[in-house]
Each structure stands twice: as structure tokens, then as C-alpha cells.
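Observations on chain architecture
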Amino acid sequence: MNLRCGWCDRPHDAGCLQRVCTDCGRPLLARYDLNREVGEKLRGDLISGPHSLWRYRRVLPITDPKHILTLGEGATPLLRTDRLASRLGVANLWIKDESQNPTGSFKARGMTAAISKAVELGAERLCLPSAGNAAGAAAAYAALAGLPLRAYMPSDSGDSFFAECRACGAEVVAVNGTIADCGKQMRAECDPAEWFDLSTLKEPYRLEGKKTMGYELYEDLNGVLPDVIVYPTGGGTGLVGMWKAFDEMQQMGWLDARRPRFISVQTTGCAPIVAAFASGAETATPVADPQTAALGLRVPGAIGDFLILRALRETGGTAVAVTEEEWAVGQSWLAADCGLFPSPEGGAAIAGLMKTIDAGSVKPSDTIVVFNTGSGFKYPPATWPKPPPAP
Ligand SMILES: *Cc1c(COP(=O)(O)O)cnc(C)c1O
């Protein structure tokens with residue numbers, strides 16, 4: 001129907017390229033006309049639709065299907081993990097394995113939606129700052145669209161991210177600094193009249209692609225949501241997206257008002273959301289010198305901070321920070337117990353779960369879904385999963 005600001009609720013036209021709220025500069029959220037009838041039709045699409053997140057097209061922003069740029073993203077497996085569950089002392093533990101997406105991370109979900117929609121609305125040049133995975137995904141979909149992309153990445157991101165972007169025809173700028181510095185340099189060099197900015201939550205549709213994780217969980221678990229969702233959080237797109245998806249599902253009569261508790265995991269070197277959650281603040285204070293090799297979590301300040309914090313509080317969730325040593329252990333268990341080769345962020349999610357179990361905020365009987373958000377293969381070798389510590 002239209003877009004509404006997540007902060008001040010101001011409506012914006014969905015028929016042209018939009019960025020953030022023209023009043024307050026905060027993220028815009030897409031609104032659909034949803035009811036039980038739409039919900040029934042969407043159920044039908046789950047059987048007849050493509051084996052990708054595009055089977056949820058009815059609740060995605062594309063108007064004409066010919067604009068869809070797809071590599072088969074989404075529809076990732078939800079893996080039951082009995083060995084890791086018994087190691088952690090819980091009964092029902094599932095891993096949503098997002099490393100099986102095209103380009104090796106769940107960033108593909110956001111980019112298939114955002115770049116398809118940007119093309120539909122006439123964007124001609126694309127740009128973004130990225131820790132690595134977003135740039136790789138953007139480069140792939142920009143290549144499909146045949147559009148130029150400029151990606152700004154910290155120079156210490158993995159070589160594979162640079163190689164992937166260049167191979168897909170993108171222009172890559174290496175920046176000495178964090179993703180925030182990348183964003184600054186990009187804004188200085190890319191005129192917004194010419195270059196459409198795909199930064200997290202600075203355009204409305206990456207969120208739409210990522211919300212499909214919420215729909216998939218419902219489908220994977222045969223119409224019941226888990227008690228707990230553990231999500232390694234940088235910009236928070238996936239967490240806010242799932243929270244939005246659950247509201248949409250309720251509007252369509254799929255759910256009642258109960259929600260899974262969201263657990264947001266960050267690292268001790270960059271934990272703005274954890275600090276804001278603990279202090280009761282409505283927004284987060286940016287971290288001055290973010291330090292972590294979990295690249296997707298090295299986000300010093302998130303424009304959607306207030307949405308992340310609302311999602312945590314409204315669902316009775318929490319936020320927890322883990323050290324570099326702790327995520328490396330979590331990563332080892334994902335490899336040694338589950339057969340995965342996870343990115344550091346996936347390890348962080350497991351480490352965060354261990355802490356919340358110890359603190360009593362997750363009960364052994366809870367049904368738990370942990371997101372392994374990306375593959376470790378593209379990361380610098382120093383951050384690859386190691387054999388698990390000796391017992
Ligand atoms: C980007 C990224 C994250 C953080 O995702 P957000 O939705 O922006 O919070 C986590 N893990 C990996 C592997 C990522 O690439």
C-alpha cells in the first residue's frame with residue numbers, strides 16, 4: 001500500500017525510489033493490505049510457488065514479476081541438532097542454516113528484494129558500505145540486473161569479498177576503518193541523485209527480503225513458532241524483519257498475539273544494543289572504536305536501533321555480548337556437532353545461547369532456533385572454525 005516511518009509513522013509513496021523518512025530520517029517500513037483472505041491465498045502459494053523466498057511474493061514489494069532478480073535465495077534448511085542440544089542441556093535446538101543462501105549468507109535475502117525493487121523503480125547506479133557479505137550479495141544481484149555497483153569495504157575484510165565483488169563487475173573501494181567510515185566516504189563520493197544507497201535500513205526493502213526468515217520458521221515448524229530466536233545482531237535487519245513478519249502473519253490470521261522471545265547477540269568489542277537494552281534506553285549510543293573479527297557484528301551504530309530494542313522488549317527477549325574466545329568456541333561446536341563451517345557470527349549466536357541458558361533466561365524445555373547467518377569460507381582464515389577444545 002505505502003511506506004510508513006517506523007519512528008513518526010509518516011506515510012511515504014511506495015511508487016517511487018525512497019530512502020529514509022523525509023521528516024525524521026529514520027527507517028521506512030512497507031505496509032500491505034492484509035487479511036484472512038490474503039493469508040489463505042499465501043498458504044496456497046507455499047505449495048505451488050518457487051522453492052525460494054519468492055513464494056512469499058504476495059507479501060513482498062515487487063509489482064511486476066518480470067523484475068525479480070533471483071539466484072534461488074531463502075528456503076534454507078532448519079536443522080535439528082541433537083548432539084549440540086545435549087551438549088548445551090536443552091531439549092529442542094534447531095539451526096536455521098543461512099550459510100546455504102546464494103553468496104554464502106542471508107544478505108542474499110535482503111539484496112534480492114532491494115535490488116529487484118530498485119530496478120523496478122528505475123535506479124541506474126547502486127552503492128553501499130559493507131563489512132563484506134552485503135557487498136558480495138549486492139554485487140551478485142547488480143550483475144544480474146546489469147547495473148553498476150560501488151561497494152565500500154573495510155580493508156581488513158576477507159580477500160574473498162573483494163574478489164567476489166570485482167568478479168561480478170563491481171567497483172570496490174577499500175577503506176581504512178569500520179563500516180561507519182565506509183558509509184562516510186561513500187556519502188562524500190556518491191551523489192545520491194545518481195547513486196542509489198543500499199545501506200542497511202536506509203532503503204525499505206532489504207528488510208522485506210529478510211523478513212521471509214520469519215515466514216519460513218513458521219513453515220519449517222509446521223505452523224508453530226519457536227519459544228526463542230537467537231540472532232547475531234549488526235544492523236538488525238533480520239530481527240526487525242522477523243518481528244514485522246509475525247505481525248503480518250497475525251493480520252492474516254496465522255498467529256495469535258504470542259511471540260518468540262528474541263535474543264540479540266553482539267560481541268563485547270561492539271555491543272551498542274546490549275548496552276542500550278541493559279540501561280532501558282530507547283535508542284543506542286554508537287560505539288567509538290568497535291573491535292571484533294565477527295565482521296557482520298562490527299556495526300558501531302544502527303539506524304534501526306529503536307526497532308531492535310522494541311522487538312526485544314515487546315517479546316520478553318534480551319541482549320547478550322560474547323567475547324572473541326566465546327564465539328570461537330560456539331563456532332567449533334557448530335562444526336564439530338552439526339557438520340557446518342560457520343561464520344563467526346553463527347558461533348556468536350551459539351555462545352550467546354550458552355550464556356542465556358546459564359543466566360536462566362532460556363529454559364531447557366524451550367524450543368530454540370539459532371541463526372547461522374553465514375558461511376565461514378569467505379572470511380579471513382584466522383577466523384575459520386577450529387577443532388573443538390579438548391574435554
Ligand atoms: C550482516 C550479518 C549479520 C548481521 O545482520 P543484521 O541483520 O544486519 O543484524 C550477521 N551475520 C552475518 C554473517 C552477516 O553478514
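Analysis parameters
- Residues numbered from 1 in each chain as written.
- Predicted model: local features only at pLDDT ≥ 70, side-chain atom pairs only at ≥ 80, totals over all residues.
- Heavy atoms only, no water.
- Pairing = 2+ DSSP bridges.
- Helix = DSSP H or I, 4+ residues; strand = E, 2+ residues; numbered from the N terminus.
- Axes fitted to C-alpha atoms, helices over the stretch in contact; angles between N-to-C directions.
- Contact = heavy atoms within 4.5 Å.
- Buried < 20%, exposed > 50% of the residue type's maximum accessible area, 1.4 Å probe, protein only.
- Domains from an automatic or database assignment.
- Buried area = accessible area lost by both parts, 1.4 Å probe.
- Nonpolar A, V, L, I, M, F, W, Y, C, P; charged D, E, K, R; others polar.
- Near = heavy atom within 4 Å.
- Polar contact = N/O pair within 3.5 Å; in protein donor to acceptor, adjacent residues only side chain to side chain.
- Core = buried A, V, L, I, M, F, W, Y, C linked by side-chain atoms within 4.5 Å.
- Phe/Tyr/Trp six-rings, centres within 6.5 Å; stacked < 30°, edge-to-face > 60°.
- Lys NZ or Arg CZ within 6 Å of the ring centre and 35° of its normal.

Attention now goes to the sheet that holds strand S12 (residues 318–322). Spatially, S4-S5-S13-S10-S11-S12 is the arrangement adopted by the 6 strands of the open sheet, whose pairing is mixed. Looking along the sheet, the strands with just one partner apiece sit at the ends: strand S4 (78–80) and S12. Each strand of the sheet is rotated relative to its neighbour by a mean of 25°, with strand direction disregarded. Judged from the 5 bridges that link them, strand S10 (residues 228–232) and strand S11 (residues 261–267) form a sheet pairing that is parallel. The partner of valine 230 across the bridge, within S11, is isoleucine 263. Against the sheet, helix H8 (residues 237–251) makes contact with S10, S11 and strand S13 (367–372), and its axis sits at roughly 150° relative to S10, the strand it touches most.

The next point concerns helix H9 (residues 272–279). Those residues of H9 that fall on the buried side of the exposure criterion are Pro272, Ile273, Val274 and Ala276. Backbone geometry just after H9 places glycine 280 at a positive phi near 80°.

Quick look at the domain arrangement of the protein now. Domain boundaries assigned for the protein yield domain 1 (1–31) and domain 2 (78–104 + 206–383). In this structure, domain 1 and domain 2 have C-alpha centres spaced 26 Å apart. Contacts between the two partners involve 8 residues from domain 1 and, on the opposite side, 11 residues from domain 2. Between domain 1 and domain 2, a total of about 730 Å² is buried, with carbon and sulfur atoms accounting for 75% of that surface. Tallied by class, the residues present in the side of domain 1 that touches domain 2 amount to 5 nonpolar, 2 polar and 1 charged.

Before going further, it helps to spend a moment on the site of the ligand. The local shell around the ligand holds 18 residues, among which Lys107, Tyr231, Gly234, Gly236 and Thr373 are the closest. Taking threonine 237, its main chain carries an N or O atom lying 3.1 Å from an oxygen atom of the ligand. Between the ligand and glycine 238, the relevant distance is 3.1 Å, taken from an oxygen atom to a main-chain nitrogen or oxygen of the residue. Of all the secondary structure elements, the ones that give two or more residues to the shell around the ligand are S10 and H8. Residue classes in the shell around the ligand are distributed as 4 nonpolar, 11 polar and 3 charged.

For the rest of this paragraph, the subject is the nonpolar core. Counting residues in each nonpolar core, the largest one holds 89 residues, and the members touching the most others are Leu126 and Leu198. Ranked by residue count, the leading element in this core is helix H4 (residues 133–145), at 8 residues. In terms of domain composition, this core takes at least three residues from each of domain 1 (1–31) and domain 2 (78–104 + 206–383). Residue contacts for leucine 198: discarding those within four places in its chain leaves Met111, Ala114, Ile115, Leu126, Cys127, Leu128, Ala138, Leu149, Glu203 and Arg206.

What follows is about the environment of methionine 153. With respect to the secondary-structure elements, methionine 153 resides in strand S7 (residues 149–154). Overall, methionine 153 belongs to the buried group, its relative accessible area being 0%. Each C-alpha atom of the pair methionine 153 and isoleucine 368 lies 33 Å from the other, and the pair is 215 residues apart in sequence. For methionine 153, the contacting residues outside a window of four places in its chain are Ser130, Gly132, Ala135, Phe161, Phe162, Cys165, Val172, Val173, Ala174, Val175 and Cys182.

Turning our eyes to something else, we now look at the environment of serine 199. Among the structural elements, serine 199 can be located in the loop between strand S9 (196–197) and helix H7 (205–220). With a relative accessible area of 5%, serine 199 lands in the buried category.

Strand order in this open sheet of 3 strands is S2-S1-S3, and the pairing throughout is antiparallel. The two strands at the open ends of the sheet, each matched to only one other strand, are strand S2 (11–12) and strand S3 (28–31). Bridge count for strand S1 (residues 2–5) against S3 is 4 bridges, and the pairing is antiparallel. Considered in S3, the bridge of leucine 3 is made with alanine 30.

On to the packing of aromatic side chains, then. Summed over all chains, the structure comprises 10 aromatic pairs. Summarising the aromatic geometry, the rings of phenylalanine 341 and tryptophan 384 are spaced 6.0 Å apart at their centres and angled 65° between planes, so their arrangement reads as edge-to-face. Of the two residues, phenylalanine 341 sits in the loop between helix H11 (324–338) and helix H12 (344–359) while tryptophan 384 sits in the segment after S13, which places them 43 residues apart along the sequence. Assessed through its relative accessible area of 26%, phenylalanine 341 is described here as partly exposed. Residue class for tryptophan 384 comes out partly exposed when judged on its relative accessible area of 34%. Here the aromatic cluster, defined as three or more aromatic residues joined through ring pairs, consists of Tyr56, Tyr215, Tyr218 and Trp254. Over the face of the ring belonging to tryptophan 254 we find arginine 43, whose NZ or CZ atom lies 4.9 Å from the ring centre. The ring of tryptophan 333 is capped by arginine 87, whose NZ or CZ atom sits 3.6 Å from the centre of that ring.

Side chains of strand S6 (residues 126–129) alternate between two faces, with Leu126 and Leu128 and Cys127 and Pro129 buried alike. Pairing geometry for S6 and S7, over 4 bridges, is parallel. Looking across to S7, one finds that leucine 126 is bridged to leucine 149.

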